[in-house]
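These are the residues of each chain, in order.
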Amino acid sequence: MSDEEQTPNSDGGGPRPEEIRFFGTTWVDHSGAYKPRRLGLAAGSLAAAVAACFVLRFAYEGLQIADVGGLVNTLVVLMFAICSAIAFAKTWEGFVRRPADPAREESLRSLKAIGFIGTLVAYAARCFVEAPGEKLRRAEYETAVAQYEKRRATRTGNPSARKKPKRG
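So, here is what we can say about the structure in this document. (Residues numbered from 1 in each chain as written. Predicted model: local features only at pLDDT ≥ 70, side-chain atom pairs only at ≥ 80, totals over all residues. Heavy atoms only, no water.)

With that out of the way, let us pick up the packing of helix α3 (residues 70-96) against helix α6 (residues 116-129). It is at 7 Å that the axes of α3 and α6 come closest, and there the two elements cross at 35 degrees. Remark: the crossing between α3 and α6 carries right-handed chirality. On α6, the residues that touch S84, A87, F88, T91, W92, F95 and V96 of α3 are I117, G118, T119, V121, A122, Y123, A125 and R126. Looking at side-chain class alone, the contact of α3 with α6 contains ten nonpolar, four polar and one charged residues. (Axes fitted to C-alpha atoms, helices over the stretch in contact; angles between N-to-C directions. Helix = DSSP H or I, 4+ residues; strand = E, 2+ residues; numbered from the N terminus. Left-handed = near helix turned anticlockwise from the far one by under 90°. Contact = heavy atoms within 4.5 Å. Nonpolar A, V, L, I, M, F, W, Y, C, P; charged D, E, K, R; others polar.)

So, about the pattern of salt bridges. Within this structure, the stated rule accounts for nine salt bridges. The shortest N-O distance in the salt bridge between E93 and K90 comes to 4.0 Å. Placement of the pair is E93 and K90 together in helix α3, with a separation of three residues, close to one helical turn. According to the relative accessible area criterion, E93 is partly exposed, its value standing at 31%. By relative accessible area, K90 is classed as buried at 17%. Between R109 and E106 there is a salt bridge; the shortest N-O distance is 3.1 Å. Look at R109 and you get exposed, because its relative accessible area is 56%. Look at E106 and you get partly exposed, because its relative accessible area is 47%. Taken together, the shared-partner salt bridges connect E18, R98, R137 and E140 into one network. (Salt bridge = Lys/Arg side-chain N within 4 Å of Asp/Glu carboxyl O. Buried < 20%, exposed > 50% of the residue type's maximum accessible area, 1.4 Å probe, protein only.)

See below:
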């Protein structure tokens, strides 16, 4: 859990929920046009993925016009397909659990950039279900709140105001 989750709220009570891009902390109570925003982001991601497919089609047609050969055309198509599949899987996995090795995630960054269509499709698919990463952050937030309540419940007043036991 991040340090931000352990800092007290503005009212001084308990951990704060982690913000999600485009949603802030509205995912906690689904306020602030949460559902229309989720559906709008899903539609926007799908539209961006479709536009990206058209751009890739034009690039492929450019390769055909340049007459680079069947092998190069096949390799380019396979590269984008494989990178998109890996980007989809890694993006989806990032919504479910925190990466075990952040350095490895950083090394996959260029692969995700090549397979950006997979990333957009994963984001859109997740937006239809929930805010991307909401389930993960909700579990972490509820755990932090439960720990905070447990720590708070075990305290009984001001320790300096307690009566000292008499030494005999």
